[in-house]
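Listed here are the chains, written in short residue letters.
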Amino acid sequence: ATQAALGYLGFTAIGFVLVLVGADEFGLGSGARGLLIAGYGIGGILLGRYAGTVVDRAGRPATALAGAVACTAGVVGLVLVPSAWALGLVFFGIGCASTFVWAGLNTIAVESFPENRAGATSAYSAFKFAGVAIAPLIYVPLFNVDSRLPFVLAAAFSAVLSVSILPWFRRYA
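Just so it is clear, the model here is predicted, and its values are computed rather than measured.

Colleague: Before we go on, may I ask you to explain the packing of helix α2 (residues 15–24) against helix α3 (residues 30–58) in this structure?
Modeller: The packing of two helices is summarised by the inter-axis angle and the distance between the axes. Between α2 and α3, the least distance of the axes is 9 Å, while the angle of their chain directions is 145 degrees. When the axes of α2 and α3 are compared, the crossing they make is right-handed. Residues G15, L18, V19, G22 and A23 of α2 pack against R33, L36 and I37 of α3.

Colleague: What exactly am I supposed to notice about the state of the cysteines here?
Modeller: Simply put, disulfide is the name for a covalent bond between the sulfur atoms of two cysteines. Tallied over the entire structure, the rule returns zero disulfides. In this model C71 remains outside any disulfide bridge; the closest cysteine sulfur is found in C96, 9.5 Å from its own. By relative accessible area, which is 0% here, C71 ends up buried. Accessibility expressed as a relative area gives 13% for C96, which makes it buried.

Colleague: Would you mind showing me how to read the pattern of salt bridges here?
Modeller: Should their charged atoms come close, side chains of opposite charge can pair. In total, this model carries two salt bridges according to the counting rule given. A salt bridge links E25 to R148, with the nearest nitrogen and oxygen atoms 2.8 Å apart. Of this pair, E25 sits in the loop between α2 and α3 while R148 sits in the loop between α6 (117–145) and α7 (149–165), placing them 123 residues apart in sequence. Judged by relative accessible area, E25 falls into the partly exposed class, the value being 34%. When the shortest N-O distance is used, the salt bridge between E111 and R60 registers 2.8 Å. In this pair, E111 sits in helix α5 (residues 84–112) while R60 sits in helix α4 (residues 60–80), placing the two residues 51 residues apart along the sequence. Residue E111 is classed as partly exposed on the basis of its relative accessible area, which comes to 24%. Judged by relative accessible area, R60 falls into the buried class, the value being 17%.

Colleague: Quick question: what am I supposed to make of the side chain of T12 here?
Modeller: Here T12 is to be found in helix α1 (residues 2–12). Judged by relative accessible area, T12 falls into the buried class, the value being 16%.

Colleague: Even after reading the chapter, I still don't get the packing of α4 against α7, so can you show me in this structure?
Modeller: Two numbers describe how α4 lies on α7: the axes approach to 8 Å, and their chain directions differ by 165 degrees. In terms of orientation, α4 and α7 fall into the roughly antiparallel class. For the pair α4 and α7, the crossing hand works out as left-handed. Along its contact with α4, which presents P61, A64, L65, A68, V69, T72, V75, V76, L78 and V79, the element α7 presents F151, V152, A154, A155, S158, A159, L161, S162 and I165. The residue inventory of the contact of α4 with α7, partitioned by class, reads 16 nonpolar, three polar and no charged.

What counts and what doesn't
Residues numbered from 1 in each chain as written. Predicted model: local features only at pLDDT ≥ 70, side-chain atom pairs only at ≥ 80, totals over all residues. Heavy atoms only, no water. Axes fitted to C-alpha atoms, helices over the stretch in contact; angles between N-to-C directions. Helix = DSSP H or I, 4+ residues; strand = E, 2+ residues; numbered from the N terminus. Left-handed = near helix turned anticlockwise from the far one by under 90°. Contact = heavy atoms within 4.5 Å. Disulfide = S-S within 2.5 Å. Buried < 20%, exposed > 50% of the residue type's maximum accessible area, 1.4 Å probe, protein only. Salt bridge = Lys/Arg side-chain N within 4 Å of Asp/Glu carboxyl O. Parallel < 35°, antiparallel > 145°, perpendicular 65-115°, else oblique. Nonpolar A, V, L, I, M, F, W, Y, C, P; charged D, E, K, R; others polar.

Here it is as structure tokens:
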């Protein structure tokens, strides 16, 4: 469950900060900002089926870890982007990588409580929503200090998520 909150804090909920950066630093209008953050979801749509196949072949923790490491790198990349196009492309890449995180972690969550899969899914999802709910409270004050600070913290959350996946390798060995 902690991994769900970390993932949403680390690379999913950061999309609203992209909207702020798009407006403040790149002068994007509302339509362009919408397209900017839509890339994350498009990446997920394009690779969702494939990520499920990778989970079955490579394993749950390996798939989740590979995605989390890629998301961490992507969020670090958001600190360095020189243009709105680059911002959009990096966030699209994060969306692609996130599909692997969620395919692995969602499977682990459901399999952890085979007698109560629905309950496990509900509790796990609640932590995702918690991550989204508290993200603005954390990131907006940081954004007001320096627009790149939310990305630095989000990368740290993503890195902690990556490390927190490691113990799952023992269970699925």
